[in-house]
Amino acid sequence: MLIREADYDVNTTVGDYIFAFFPLFPLVWKLSLLPITWVPLLNYVLFVTSLFLLFQSHSWNRMSSAHNRILFLIALTLPTIASFLMPYTEAVFAVTLAVALIGMMKGKYRMYFTGALLAAATRPSGTLIIGALFVLDLIRNHKLPLTILLREYLKKALPFALGTLLVGIYQHMVGSGSIFTFMDVQKGWGTKLAVPHDIRDWSHESFGMTMAVIFFIMPAVLFVMYQLLLKLKNKGNDLPVRELFTAPHEERKQYVFQFSAVYLGVMCLFAILFNGGNMHSIYRYICCTPFFYVFLLHGEKQLEQIPTKLTPPVFSILLLLGILFLSLVPYSTYWTFSDLGFFLLAGSVLLMITARRFAQRKLYLGLLATHIFFSALWTTWIFNMLLSDAWISV
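Note that the structure is predicted; figures quoted are calculated from it, not measured.

Asks: What is the right way to read helix α3 (residues 39-57) from this model?
Replies: Taking 1.5 Å of rise per residue, 19 residues should cover 27 Å, and α3 covers 27 Å from first to last C-alpha, within 8% of that figure. Within the sequence span of α3, burial applies to Val39, Pro40, Leu42, Asn43, Leu46, Phe47, Ser50, Leu51, Leu54, Phe55 and Ser57.

Put into C-alpha cells, the structure is as follows:
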C-alpha cells in the first residue's frame with residue numbers, strides 16, 4: 001500500500017524498511033486502478049489462474065478424472081489460501097513464477113526468462129531460488145564437465161539474478177543508498193544464522209499452519225529427495241549431457257519437480273536456521289508458491305509408493321508429534337480456534353496422498369466435503385478478522 005501510494009519515499013513510509021519490499025505487486029495494483037477493497041478479488045483471480053495453468057501444464061493431471069478434479073479442489077481450498085486474499089505479493093509471485101516453471105517444462109526459454117525476471121521483481125526470494133538451482137544442479141550434474149555445469153546453471157539462474165539486481169538498482173536510484181539495502185534492512189528482523197530458540201511466529205493462526213508444514217510437508221519433501229538421490233546414484237555416469245531446454249519433455253518435467261522439492265527444503269531450512277526461532281509464517285513461503293503445487297502434482301504419485309498399510313501409522317505418529325510440540329511450546333500452550341489451521345493443513349496432506357486410491361469411495365468424499373467446509377470457515381474467519389482490523393500478519 002505504501003509503495004503504491006508513495007513509491008520508496010522513506011519520509012512518508014516506514015523508513016529504510018520499505019526497501020525490504022519489491023515493487024512489482026504495488027505496480028500491478030496501481031495499474032489496475034482498483035481500490036484496496038477489490039484487491040482480494042484481483043489476487044484470488046491471479047492465484048486461481050496460476051493454479052489452473054500449472055495443473056493444465058502437467059499431462060498427467062489434466063482435469064479429466066475424478067482424482068485430478070479432487071486434487072484441484074483441495075489445492076483451491078487449502079487453509080493457507082487466506083494469504084491470497086490479502087494485499088500481499090503472493091498472487092503476483094504465483095502467476096509470474098508459474099509462467100517461468102511452465103516455460104521450463106515446455107522448453108521455452110524466453111517464456112521462462114520473462115516469468116522468472118518478473119517473479120524476482122515481486123519479492124526478495126530470488127537469492128534462495130538461485131541457491132536451490134545451484135544445489136539441484138550440483139546433485140544432478142556433478143559428473144558433467146565444469147564448463148557445461150556452469151553454463152547450464154547460469155542460464156537458469158540469470159533471470160532471477162537480473163530481476164533482483166534491477167530492483168536493487170531501482171531502489172538505489174530512488175534513495176536506498178545501496179543496491180543491497182533490501183538485504184541489509186532484513187537484519188532488523190533478526191535475520192541471521194542462529195540456533196532456533198524462543199519458538200514463535202507473527203500470529204497464532206500462522207504458527208499452527210507453519211507447524212503443519214514442518215511436520216507433514218517437509219517429511220514428504222525429504223522422502224522425495226531421498227528417492228532422487230537413490231535414483232541418481234543408480235544412474236552412475238549415464239546422466240545426459242545436454243541442455244535442459246532441449247531435453248525431452250519428460251526430463252524437463254522431472255527437473256521442474258526436483259527443482260520445486262529442493263526449493264521447498266532450502267526455504268524451510270533457511271527460515272528455521274536464520275530467524276532465531278521466529279517462524280515468520282513459513283507456510284506462506286512454502287504453500288503459497290507454485291513450487292508447492294508442482295510438488296503436489298508430481299509428489300503425490302511418488303508418495304503412493306508408500307504401502308497403504310503404512311499410511312495410517314506414519315500419519316498418526318506425525319500428528320501426535322505435532323500435537324505434542326504445539327502443547328509444549330510456550331507460544332502455543334493453550335488450544336484455541338487459532339490452532340485449527342494445523343489440523344486442516346494436516347488433513348489436506350492426508351486427503352492429497354490418498355486421493356488416487358480412494359477418490360471413488362463415499363467415505364472419502366464425505367471426509368473431503370467436511371474438510372472443505374471447515375477450510376472455507378477458517379478462511380472466512382481469517383478474512384473477516386482482516387476486514388475488522390483485528391488481525392495481524394498471516
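What follows picks up the thread again.
Asks: What should I look at first to understand the nonpolar core in this one?
Replies: The tendency in soluble globular proteins is for nonpolar side chains to be buried side by side. With 112 residues, the main nonpolar core has Phe160, Ile217, Phe259, Leu264, Ile286 and Tyr293 as its most contacted residues. The element contributing the most residues to this core is helix α10 (residues 204-235), with 15 residues. Look past the residues within four positions of Phe259 in its chain and what remains in contact with it is Leu101, Met104, Ile129, Ala132, Leu133, Leu136 and Phe291.

Asks: Mind showing me how you'd approach the pattern of salt bridges here?
Replies: This model, assessed by the stated rule, comprises 6 salt bridges. Residue Arg284 is joined to Glu90 by a salt bridge in which the shortest nitrogen-to-oxygen separation is 2.6 Å. Here the residue Arg284 occupies a position in helix α12 (residues 282-287), and Glu90 occupies one in helix α5 (residues 90-106), the gap between them amounting to 194 residues. For Glu90, a relative accessible area of 0% corresponds to the buried category. In this structure, the salt-bridge partner of Glu250 is Lys253, at a minimum N-O distance of 3.4 Å. Residue Glu250 and its partner Lys253 are located together in helix α11 (residues 249-273), separated by 3 residues, close to a single helical turn. A relative accessible area of 42% means that Glu250 is categorised as partly exposed. Ionic contacts of the salt-bridge type, sharing partners, join the residues Glu90, Arg123 and Arg284 into one network.

Asks: I'm lost on the packing of aromatic side chains in this one. Help?
Replies: A ring pair, where both rings are aromatic, is described by two values, the distance of the centres and the angle of the planes. Evaluated as defined, the whole model comprises 28 aromatic pairs. Ring geometry for Phe25 against Trp29: centres 5.9 Å apart, planes inclined by 35°, an arrangement best described as tilted. Remark: Trp29 and Phe25 occur in helix α2 (residues 24-32); sequence separation between them is 4 residues, near one turn of the helix. Of the two residues, Phe25 and Trp29, neither departs from the other in class, the shared state being buried. Aromatic side chains Phe55 and Phe72 sit 5.1 Å apart centroid to centroid with 85° between the ring planes, which places their arrangement in the edge-to-face category. With Phe55 in helix α3 and Phe72 in helix α4 (residues 66-76), this residue pair connects regions lying 17 residues apart in the sequence. Owing to a relative accessible area of 15%, Phe72 belongs among the buried residues under this scheme. Taken together, the ring pairs connect Tyr44, Phe47, Phe84, Phe292 and Tyr293 into an aromatic cluster. In this structure, Arg123 is placed above the aromatic ring of Phe93, and the distance from its NZ or CZ to the ring centre is 4.9 Å.

Asks: What's the story with the packing of helix α14 (residues 311-328) against helix α15 (residues 340-358) in this structure? I'm lost.
Replies: Between two packed helices, the angle of one axis relative to the other and the distance separating the axes together describe the packing. Where α14 contacts α15, the two axes come as close as 11 Å, and the packing angle between them is 170°. Put simply, α14 runs roughly antiparallel to α15. Between α14 and α15, the residues in contact are Thr311, Phe315, Leu319, Gly322, Ile323 and Leu326 and Phe342, Phe343, Ala346, Leu350, Ile353, Thr354 and Arg357, respectively. A breakdown of the residues in the contact of α14 with α15 according to their chemical character gives 9 nonpolar, 3 polar and 1 charged.

Asks: I'm lost on a nonpolar patch on the surface in this one. Help?
Replies: A contiguous nonpolar surface patch, about 520 Å² in accessible area, is contributed by Leu165, Leu166, Ile169, Tyr170, Met173 and Val174. Along the chain, Leu166 turns up in helix α8 (residues 146-173).

Asks: What is the right way to look at α4 in this model?
Replies: Summarising burial for α4: 8 of the 11 residues are buried, a large majority. When we look at burial in α4, the residues that qualify are His67, Asn68, Ile70, Leu71, Phe72, Ile74, Ala75 and Leu76.

Asks: Can you help me understand the confidence of the model for the chain in this one?
Replies: For any part of a model where pLDDT is low, the fine detail of the predicted coordinates should not be relied upon. Per-residue pLDDT for the chain has a mean of 85; in total, 89% of the residues score no lower than 70. Summarising per-element confidence for the chain, the mean pLDDT is lowest in helix α1 (residues 2-6) (53) and highest in helix α6 (residues 109-120) (97).

Asks: Teacher, can you tell me more about the side chain of Thr77 here?
Replies: Here Thr77 is to be found in the loop between α4 and α5. In this view, Thr77 contacts Ile372 and Ser375; residues no more than four positions away in its chain are not counted.

Asks: Sorry if this is basic, but what is going on with the environment of Cys287 here?
Replies: Structurally, Cys287 is set in helix α12. Assessed through its relative accessible area of 0%, Cys287 is described here as buried. A sequence separation of 77 residues divides Cys287 from Thr210, and the C-alpha atoms of the two residues are 9.5 Å apart. Not counting the four nearest positions on each side in its chain, Cys287 is found in contact with Thr80, Val213, Ile217, Phe292, Tyr293 and Leu345.

Rules used in this analysis
Residues numbered from 1 in each chain as written. Predicted model: local features only at pLDDT ≥ 70, side-chain atom pairs only at ≥ 80, totals over all residues. Heavy atoms only, no water. Helix = DSSP H or I, 4+ residues; strand = E, 2+ residues; numbered from the N terminus. Expected span 1.5 Å × (residues − 1). Buried < 20%, exposed > 50% of the residue type's maximum accessible area, 1.4 Å probe, protein only. Core = buried A, V, L, I, M, F, W, Y, C linked by side-chain atoms within 4.5 Å. Contact = heavy atoms within 4.5 Å. Salt bridge = Lys/Arg side-chain N within 4 Å of Asp/Glu carboxyl O. Phe/Tyr/Trp six-rings, centres within 6.5 Å; stacked < 30°, edge-to-face > 60°. Lys NZ or Arg CZ within 6 Å of the ring centre and 35° of its normal. Axes fitted to C-alpha atoms, helices over the stretch in contact; angles between N-to-C directions. Parallel < 35°, antiparallel > 145°, perpendicular 65-115°, else oblique. Nonpolar A, V, L, I, M, F, W, Y, C, P; charged D, E, K, R; others polar. Patch = residues over 30% accessible without salt bridge, like charges linked within 9 Å, V, L, I, M, F, W, Y side chains within 5 Å. Areas by Shrake-Rupley, 256 points an atom, 1.4 Å probe, with all protein chains shown as cover. pLDDT = per-residue confidence, 0-100.

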